[in-house]
Amino acid sequence: MAPMRRDGAEGEADAAWSLVVPLKPLVRAKSRLSRAAGEDVRPRLALAFALDTVTAALACKDVRDVAVVTDDRLAGERLAALGARILPDTPADGLNAALAHGARAVRARRPGAPVAALNADLPALRPAELELVLHSASQFPRAFLADASDFGTTLLTATSGVELEPAFGGPSRARHLASGAREITAPGVPSVRRDVDTGEDLLAALALGVGPHTALQAPYLAAGTPPAAGGAATGTDAQDGSQRRLPPQVRASGA
């Protein structure tokens, strides 16, 4: 399937955002979820997060297209089927090099494109909330949205003619602030801030309501219980160490 294009006037299409989404090979992705999900389910969760993220992003009316930077063959095939453009991680030099590479590839096709880097682990992402964030970001040359912990970053934007200058990883909120990017403080956008690195993060995403791909992988969360072969069960720790079932709140894809 070709990358999704928006209907409407040419000027409107030119003003729409191109998103760059980085994704590690699934075998290495979301390593901090190993204890919560188990090694069998962890890669499937990472893929599910990315599928739900890209589905919601493509459903946002201010998004023209999505480029995913990944060397994972399975993820590339599944995400391309959604309408994403797949770019190999030719720099092979970490997250920020991958994002800069993706932004260059986007602008090689569309020199005036406003570009945004978006995390691949936003399974509760809602198009309307992403639209609000992108609208705020369009007012500044570079802008970013902090994650739910106010420590990291889930979205970094650069308007036409401005370099992205990504500084993701660790305390990236502070680094993006120091680089001169404007912090977006729009209220009511929890799904755009809710990235998932730990079992606790996954619980918070489920409480918001996740997309269908994540919901299929996380109907049962049981601490320390390995998933059955071929099953979809995952695990996470309750605060008291007990096992618990957590039926996820499911929303329609892209809703």
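Residues numbered from 1 in each chain as written. Predicted model: local features only at pLDDT ≥ 70, side-chain atom pairs only at ≥ 80, totals over all residues. Heavy atoms only, no water.

(A) Focus on unusual backbone geometry. Unlike most non-glycine residues, K30 shows phi in positive territory, near 55°. For K30, the position within the fold is in the loop between β1 (17–22) and α2 (34–37). Judged by its relative accessible area of 18%, K30 falls in the buried class. Phi is positive for D150, which is not a glycine, with a value near 60°. Examined against the element boundaries, D150 turns out to sit in the loop between β5 (142–146) and β6 (153–158). (Helix = DSSP H or I, 4+ residues; strand = E, 2+ residues; numbered from the N terminus. Buried < 20%, exposed > 50% of the residue type's maximum accessible area, 1.4 Å probe, protein only.)

(B) Expanded view of the pairing of strand β2 (residues 63–69). With 7 of its 7 residues buried, β2 lies for the most part within the structure. The pairing of β1 with β2 spans 6 bridges and is parallel. Across the sheet, the residue bridging to V20 is A67, located in β2. Looking at chain direction, β2 and strand β3 (residues 85–87) are connected through 3 bridges and run parallel. Among the inter-strand pairings, V69 is bridged to a residue of β3, identified as L87. In this fold, the crossover linking β2 to β3 by way of helix α4 (residues 73–82) has right-handed handedness. (Pairing = 2+ DSSP bridges. Right-handed = clockwise from strand over helix to strand, strands pointing away.)

(C) Spatial organisation of α4. Of all the residues in α4, the buried ones are A75, G76 and L79. One face of α4 carries all of its buried residues, which in axial projection span an arc of 100°. Among the structural elements, α3 (42–58), β2 and β3 are those in contact with the buried residues of α4. The opening residue of α4 is D72, an N-cap whose side-chain oxygen sits 3.2 Å from the backbone nitrogen of L74. At the C-terminal side of α4, G83 shows a positive phi close to 120°. (Arc of directions from axis to C-beta. Contact = heavy atoms within 4.5 Å. Polar contact = N/O pair within 3.5 Å; in protein donor to acceptor, adjacent residues only side chain to side chain.)

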